[in-house]
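# Structural overview
Here are the chains, one letter per residue:
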Amino acid sequence: MSERYIFPHKHLLGIEPLSAQDITAILDQAEAFEEVCERPDIKIVPALRKRLVVNLFFENSTRTRNSFEIAEKRLSAEIINFDANASALAKGETLVDTALNLEAMRPDLTVMRHSAAGAHALLARHIKAGVINAGDGAHEHPTQALLDAYTLRKRLGRLDGLKVAIVGDIRHSRVVRSNLWLLTKMGAKVTLVGPPTLLPTEMKEAWPTVDFSYDLDAVLPEQDAIMMLRIQFERGTGQFIPGQGEYARFYQLNAARMKRAKKDVVVMHPGPMNRGVEITSDVADGPNNVILDQVTNGVPVRMAVLYLLGVRRGDSEA
Ligand code: NCD
């Protein structure tokens, strides 16, 4: 990477606006922060000292919210956790009004999770602080794709040329959409796998270079990594599948299916897992899984994003 490269973005609204160079810069920065996170004693650096980060979670989250908060603490940021349920939004205030009130308090960065696709772009238009998308509806979840890429790169040494299958509730998954952008920009070959009802035709049209398959057994042998997804019942997926048993018969990653995969295939899951539905415990806890590594890697990756956006100077709207 050239010496003169400066991360050019003010916000992280998704992976779509990032270049391969931006993605590599985040992953390389995360590597430096991983060293901080693995220190035996004090795992804190002063990079965001005196910067104020607001965490705004309008949708449930355990992993992502905790991971951001730990990342912020490791960078010495000041943190405000905005309790969306107890907020004025619950009293009928609009998101824009909440944003303007937030802006009036001059935070440096805002991390938000929201059920509406595009909520972050709206927020970014109204506030001066950098906005980080921690998940917007079924649109994007950029830090999840970045930590997935970090985990893959660490385990397999590269992203370019890797074959990655993403399996399950493709229709409702923001994790898929961010991973599609990221993996294709970095030269990986992606196959999306699921029942026809969960593989929307619009996606096939939008992603002509991506393979789509209804047959997990057929695509399994050639994959370097398999990313399993949860059925998102809270987004109405129940009506798209005949039943969990039937779904599991064709799309569950279990010991019998693993026999078809490469010996060293990497098994991933963004969590939360539904053990016994999309994945069985022997596979989820087995030697090929990197599921908790993904969680561990989430902290340095989010530190990298917070750092690259938070120490940025200038006011370009990129
Ligand atoms: C995912 C999400 O919320 O989009 N989880 C996560 O952030 N690790 C996936 C999911 O909810 O199934």
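The following paragraphs examine the structure supplied in this document. (Residues numbered from 1 in each chain as written. Predicted model: local features only at pLDDT ≥ 70, side-chain atom pairs only at ≥ 80, totals over all residues. Heavy atoms only, no water.)

## Comments concerning the side chain of Asp224
- As for its placement among the helices and strands, Asp224 is situated in the loop between helix H8 (216–219) and strand E8 (225–228).
- Owing to a relative accessible area of 15%, Asp224 belongs among the buried residues under this scheme.
- A distance of 2.8 Å separates polar atoms of two side chains, one belonging to Asp224 and the other to Lys262.
- Excluding residues that lie within four positions of it along the chain, Asp224 makes contacts with Leu156, Gly161, Leu162, Lys163, Lys262, Val265 and Val266. (Helix = DSSP H or I, 4+ residues; strand = E, 2+ residues; numbered from the N terminus. Buried < 20%, exposed > 50% of the residue type's maximum accessible area, 1.4 Å probe, protein only. Polar contact = N/O pair within 3.5 Å; in protein donor to acceptor, adjacent residues only side chain to side chain. Contact = heavy atoms within 4.5 Å.)

## Observations regarding the layout of surface pockets
- Estimated volume of the largest pocket: approximately 500 Å³.
- Counting only elements with at least two residues in the lining of the largest pocket, the list comes to helix H2 (63–74) and helix H6 (174–185). (1 Å grid on protein atoms, 1.4 Å probe; cavity = no way out; pocket = protein on both sides within 12 Å on 5 of 7 lines; lining within 4 Å. Points joined across faces, edges and corners; volume = space filled by probe spheres on them.)

## Side note on the packing of aromatic side chains
- Inspection of the entire model under this criterion finds five aromatic pairs.
- Seen in terms of ring centroids, Trp181 and Trp207 are 4.7 Å apart; in terms of plane orientation they differ by 70 degrees. Their pairing is edge-to-face. Within this pair, whereas Trp181 is found in helix H6, its partner Trp207 is found in the loop between helix H7 (201–206) and strand E7 (211–213), the two being separated by 26 residues in sequence.
- Measuring from ring centre to ring centre gives 6.4 Å for Phe250 and Tyr251, while their planes differ by 50 degrees; the resulting arrangement is tilted. (Phe/Tyr/Trp six-rings, centres within 6.5 Å; stacked < 30°, edge-to-face > 60°.)

## Some words on helix H5 (residues 142–156)
- Here H5 contains 15 residues, and its C-alpha end-to-end distance of 21 Å stays within 8% of the 21 Å for a straight helix at 1.5 Å per residue.
- With twelve of its 15 residues buried, H5 lies for the most part within the structure.
- By the burial criterion, the buried members of H5 are Pro142, Thr143, Gln144, Ala145, Leu146, Leu147, Asp148, Ala149, Tyr150, Thr151, Leu152 and Arg153.
- A positive phi of about 85 degrees marks Gly157, the residue just after H5. (Expected span 1.5 Å × (residues − 1).)

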